[in-house]
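Secondary and tertiary structure notes
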Amino acid sequence: MGQLGKRLGTGIGWRPEIAGAVEDMPGIDWVEVVAENVCPGHLPDSLLRLRERGVTVVPHGVSLGLGGAERPDEGRLTALAERVEALGAPLVTEHIAYVRAGGALTATQPLEAGHLLPVPRTRDALDVLCENVRIAQDALPVPLAVENIAALVSWPGEEMTEGQFLYELVERTGVRLLIDVANLHTNHVNRGEDPGKALDELPVEAIAYVHVAGGFERDGVWHDSHAHPVPEPVLAVLADLASRVSPPGVLLERDENFPEPGGLERELDAIRTTVKTSGDAVVDVLGERRDVPAASDAARQRTAVAEAALLSALVAGTPAPEGFDHARLKVQSHALAAKRADVVAKVAPELPEILGAAYRGEFLAYARTRPMTGGYRHDALDFAWHLMLAGRPEDADARRRLRDWWLERSGPAPLSRRPAARLLRATRRALLRR
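Residues numbered from 1 in each chain as written. Predicted model: local features only at pLDDT ≥ 70, side-chain atom pairs only at ≥ 80, totals over all residues. Heavy atoms only, no water.

**Thoughts on the overall build of the chain**
We apply this condition: What counts as a helix is a DSSP run of H or I of at least four residues, what counts as a strand is a run of E of at least two, and both are numbered from the N terminus. It is over C-alpha atoms that the radius of gyration is taken, and the globule rule equals 2.2 Å times the number of residues to the power 0.38. Accessible area is worked out with a 1.4 Å probe on protein chains only. A residue is then buried under 20% of its type maximum, exposed over 50%, and partly exposed in between. Note that accessible areas follow from Shrake-Rupley with a 1.4 Å probe, and for residues the cover is restricted to the protein chains shown. Charged residues are defined here as Lys and Arg on the positive side and Asp and Glu on the negative side; His and the ends of the chain fall outside this count. Taken as the charge centre is NZ of Lys, CZ of Arg, CG of Asp or CD of Glu, depending on the residue.
For the chain, the helix and strand inventory stands at 16 helices and 12 strands. Here the C-alpha radius of gyration of the chain, 22 Å, is about what a compact globule of 434 residues would show, namely 22 Å. C-alpha atoms of the chain, sized along the principal axes, occupy 70 × 50 × 45 Å. Across the 434 residues of the chain, 53% fall into the buried class. Accessible surface, the chain as shown: approximately 19,100 Å² in total, 52% of it carbon and sulfur. Computing the positive centroid from 50 side-chain charges and the negative centroid from 62, the chain places the two 8 Å apart.

Structure (structure tokens):
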């Protein structure tokens, strides 16, 4: 697989809202883009201009669910590989997390988290993750790096620390690491994990690059918001990491609540200064693919049951699995519902426009009884259908606009081959046209 060929340098997460500002920023060596948010045949003009200037673009996936009990979906892997090729990227990144559970392995309803959830640090989960990473490595045309995530909850009965878990993952697969120092800080506050100990244990020589981001603390819980300035404790973790290894790249993540360009530039300057003044240790980068034994069916089954139970408690209101902190599960559940409402409002901005101030309350009430089973666009359509069945909104004009919106967007999707699904769809449309 070899090395990347050059150091990435200092970068920033590319988002449409700050595209122009990023193009004008001095000292930007590379950008990272959410892979699922770009179409290979229709790349944003801003990204094309950056590439023409020699700025490296790295796709960052969020939907593979490499830590899930199921093997990675071939369609998702193909789509990710297409984005790698379209962007001319030297590597691609994903997360050590699961995003969906249930289904065939547990004979239960498939559920979507709409968010990255922590993988239990057990031998079973490690076996599953290693095989899933190997499958992804074989399907992708460039090196893969995987990111440690932030979490509000801890799994009971874990068999390894985060550093030990990451060390074994790298040892067994040769995968690179994307270390998020903000997530290390988050897990310090939320789970009592020492960032220094994690850095002691993980293989820093495998680091492909580093994420830095902001957040906030409320009622003893750190929220990794990506919407606030980078705080000093996160820079301190970055300094600790940079004293051990010279990271090939460091990137500022900001997803919303964007400051004026000068604010972003000051954060980038603080990141550069922290790395520069913390040491110049240089370690060769790992990255050779290795043979990984297949995870046993029993390991996948046990992991599937555990992950499905947690996700169901978070999004479907089932009892909390034994050993979890019920208060933290409640916080996580509310956070998932809030994010779901926010993302649906972004992918279907007509809904908050039609519903006005009632949108958020209506959606959160819907989310309490209707867990997400597909993507966010599917969720938006289901939410609209739920409202119309209940005769809402009460305003006749708003109800007509909602009906027209649903009819317009529910048609183009490919028809199901199942007769029952086709009949249900036809019935829905007939009822709405009355």
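**Structural notes on the packing of helix 6 (residues 181-191) against helix 8 (residues 232-242)**
Heads up, the rule is: As a rule, the C-alpha atoms of each element are fitted with a line to give its axis, helices using only the stretch in contact, and angles between N-to-C directions run from 0 to 180 degrees. Note on convention: near helix rotated counterclockwise from far helix by under a right angle means a left-handed crossing. Clockwise means right-handed. Here, two residues are considered to be in contact whenever any of their heavy atoms come within 4.5 Å of each other. All amino acids are sorted into three groups, where Ala, Val, Leu, Ile, Met, Phe, Trp, Tyr, Cys and Pro are nonpolar, Asp, Glu, Lys and Arg are charged, and the leftover types, Gly among them, are polar.
Look at helix 6 against helix 8: their axes get within 8 Å of each other, and the N-to-C directions meet at 115°. Handedness of the helix 6/helix 8 crossing: right-handed. Residues Val181, Ala182, Leu184 and His185 of helix 6 touch helix 8, and the partners they reach there are Pro233, Val234, Val237, Leu238 and Leu241. Classifying every residue of the contact of helix 6 with helix 8 gives eight nonpolar, one polar and no charged.

**As for the packing of helix 4 (residues 123-139) against helix 10 (residues 297-315)**
The test is simple: Roughly parallel covers angles under 35 degrees, roughly antiparallel covers those over 145, roughly perpendicular covers 65 to 115, and oblique covers all other angles.
One can describe the packing of helix 4 onto helix 10 by two numbers: an axis separation of 8 Å at closest approach and a directional angle of 110°. Considering their axes alone, helix 4 and helix 10 lie roughly perpendicular with respect to each other. Residue-level inspection shows Asp124, Ala125, Val128, Glu131 and Asn132 of helix 4 in contact with helix 10, the latter providing Ala299, Arg300, Arg302 and Thr303. Among the residues making up the contact of helix 4 with helix 10, the classes are represented as three nonpolar, two polar and four charged.

**Some words on the packing of aromatic side chains**
For the record, the criterion: Geometry of aromatic contacts follows a simple scheme: Phe, Tyr and Trp rings, the Trp one being its six-membered ring, pair when their centres are within 6.5 Å, and the pair is stacked under 30 degrees between planes, edge-to-face over 60, tilted otherwise.
Taken as a whole and judged by the stated rule, the model has eight aromatic pairs. Seen from their ring centres, Phe363 and Phe383 are 5.0 Å apart, and the 70° between their planes marks the pair as edge-to-face. Note that Phe363 is positioned in helix 13 (residues 359-369) and Phe383 in helix 14 (residues 376-389), a separation of 20 residues in sequence. Just as Phe363 is buried, Phe383 falls in that class too. These aromatic residues form a ring-pair network of at least three members: Tyr359, Phe363, Tyr366 and Phe383.

**Description of the confidence of the model for the chain**
As a reminder, the rule being used: pLDDT: the predictor's confidence for each residue, scored from 0 to 100.
Counting all residues, the mean pLDDT for the chain is 91, and 90% of those residues have values of 70 or more. Contacts from residues 412-416, a stretch scored under 50 in pLDDT, to residues over four places away or in other chains number six contacts.

**Some points on unusual backbone geometry**
The residue after Arg392, namely Pro393, is reached through a cis peptide bond having omega 0°. Position of Pro393 among the secondary structure elements: in the loop between helix 14 and helix 15 (396-410). One non-glycine residue, Ala107, adopts positive backbone phi at about 55°. On the secondary structure map, Ala107 appears in the loop between strand 5 (98-103) and strand 6 (108-117).

**Structural notes on empty space enclosed by the protein**
Selection rule: Cavities and pockets were defined on a 1 Å grid built from protein atoms only: a cavity is a group of points that admits a 1.4 Å probe but offers it no way out, a pocket is an open group of points flanked by protein on both sides within 12 Å along at least five of seven lines, and a lining residue is one with an atom within 4 Å of any such point. Grid points are joined across faces, edges and corners, and a volume is the space filled by probe spheres set on the points.
Scanning the entire structure with this criterion turns up one cavity of 30 Å³ or more. Taken as a whole, the largest cavity encloses approximately 140 Å³ of empty space. Ile96, Pro118, Val119, Arg121, Asn148, Ile149, Glu158, Glu162, Phe165, Leu166 and Arg191 together form the lining of the largest cavity. For the lining of the largest cavity, the element with the highest residue contribution is helix 5 (residues 162-173), accounting for three residues. Partitioning the lining of the largest cavity into residue classes produces six nonpolar, one polar and four charged.

**Looking at the pairing of strand 7 (residues 144-147)**
For clarity, the cut-off: Following DSSP output, two strands are said to pair if at least two bridges run between them. Clockwise travel from the first strand over the helix to the second, with the strands pointing away from the viewer, marks a crossover as right-handed.
Here strand 7 shows two buried faces, one formed by Leu144 and Val146 and the other by Ala145 and Glu147. Summarising the sheet, strand 7 and strand 8 (residues 176-180) pair through three bridges and their orientation is parallel. In the sheet register, Ala145 faces strand 8, and the bridge partner there is Arg176. In this fold, strand 7 hands off to helix 5, which returns the chain to strand 8; that crossover is right-handed.

**Things to note about the nonpolar core**
The cut-off we apply is this: By nonpolar core is meant a set of buried Ala, Val, Leu, Ile, Met, Phe, Trp, Tyr and Cys residues that side-chain atoms within 4.5 Å join together.
Counting residues in hydrophobic clusters, the biggest one holds 75 residues, and the most contacted among them are Ile12 and Val31. Here the element with the most residues in this core is helix 4; it accounts for seven residues. Every residue in contact with Ile12, bar those within four places of it in the chain, is listed here: Ile18, Val22, Met25, Ile28, Trp30, Val31, Glu32, Leu251, Leu252, Leu264 and Leu268. Residues Ala348, Leu351, Leu381 and Phe383 belong to the second largest nonpolar core, which totals 25 residues.

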